[in-house]
Amino acid sequence: MLFDTHVHLNANQFDEDLEEVINRALEADVKQMVVVGFDRPTITKAMELVEKYDFLYASVGWHPVDAIDMKDEDLEWIEELAAHPKVVAIGEMGLDYHWDKSPKDVQKEVFRRQVRLARKVNLPIIIHNREATEDVVEILKEEKVEEVGGIMHCFSGSLETAKQCIDMNMHISFGGPVTFKNAKKPKEVAAEIPIDRLLIETDCPYLAPHPNRGKRNEPSYVTLVAEQIAELRGISYQELTEKTTENAQKLFGINR
Ligand SMILES: [Zn+2]
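Predicted, not measured: the structure shown is a model, and the values here were computed from it.

Visitor: Explain the coordination of the zinc ion here, please?
Guide: Between any two of four tetrahedral donors, the ideal angle at the metal is 109.5 degrees; between two of six octahedral donors, it is 90 or 180 degrees. Within the protein, H6 (NE2), H8 (NE2), E92 (OE) and D203 (OD) serve as the donor atoms for the zinc ion, at 2.1 to 2.6 Å. Geometry at the zinc ion is irregular, judged from the four donor atoms that bind it and their angles of 84 to 178° at the metal. Within one chain, the residues serving as donors to the zinc ion are arranged as H-x1-H-x83-E-x110-D. Linking E92 in strand β4 (residues 87–96) with D203 in the loop between β8 (198–200) and α8 (222–233), this pair joins segments that are 111 residues apart in sequence. In this pair, the class of E92 matches that of D203, namely buried.

This is the structure we're talking about:
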């Protein structure tokens, strides 16, 4: 079976046909998924979904792009939700310097507060990083992320950055971009990192893998990510999917 570690089945792109999308995932052997919420509406929807479906789990956090909107009550609410048995991680959180809605200092503070919260509730974190690698790594180090570990989601950095993150007890997760023809760096990193630190994801509805690039992404397409990485590493699809599923279950404390 496959474990998709990052889905947004809570996005309105799935309002019309969620049942069919889920059925296609199960038919493709994608049997566990983490639904990621990053603001009030998406966290609320993620919690509804995990109540309804056994095989869905939730991660709850606050997105860096909207850091400016996060109030103390929001963080308190995330802390309350963290006690729910199906909440398996805090995030996505991190830094996003591509968009300038939230100033960098506000993003950093909101990020630090969430890492501290994750350590307090003892859950791994899920990191969103866009054009901010140096600051992300520095904050992870300063905030002692190694105590809880977590995931560098949709990783696109260098092998050197991947190693720095792994040294801090992080996992490296790859999505659709690893299948793109010109994705030299992600392909290199996916081939080289220790297999016990490797995870797969879709980040659906965004970033659909080749040959579905540009279409709405969905969890069944994580099979394409798995095929690509198995090929890059020269191992069987079965070995890759077994190992990445085991890694995800262990990190999230599922089925142990
Ligand atoms: Zn995401």
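Visitor: It is not clear to me how the sheet that holds strand β3 (residues 56–60) should be interpreted in this structure. Could you clarify?
Guide: Strands pair in a sheet through their backbones, by hydrogen bonds, and they do so in one of two ways: parallel or antiparallel. A sheet is described by the order of its strands in space; here eight strands give the open sequence β1-β2-β3-β4-β5-β6-β7-β8, paired in parallel fashion. The open sheet terminates on both sides in strands that have one partner only, identified here as β1 (2–7) and β8. The mean angle between the axes of side-by-side strands here comes to 30°, regardless of whether they run parallel or antiparallel. The strands touched by helix α5 (residues 133–142) within the sheet are β4, β5 (125–130) and β6 (150–152), with β5 carrying the most contacts at an inclination of about 155°. In the packing of helix α6 (residues 159–167) onto the sheet, contacts are made with β6 and β7 (170–174), and the angle to β7 comes to roughly 140°.

About the thresholds
Residues numbered from 1 in each chain as written. Predicted model: local features only at pLDDT ≥ 70, side-chain atom pairs only at ≥ 80, totals over all residues. Heavy atoms only, no water. Donors = N, O, S within 2.8 Å, 3.2 Å for Na, K, Ca; no water. Tetrahedral: all angles 85-135°; square planar, octahedral: opposite > 155°, others 65-115°. Helix = DSSP H or I, 4+ residues; strand = E, 2+ residues; numbered from the N terminus. Buried < 20%, exposed > 50% of the residue type's maximum accessible area, 1.4 Å probe, protein only. Pairing = 2+ DSSP bridges. Axes fitted to C-alpha atoms, helices over the stretch in contact; angles between N-to-C directions. Contact = heavy atoms within 4.5 Å.

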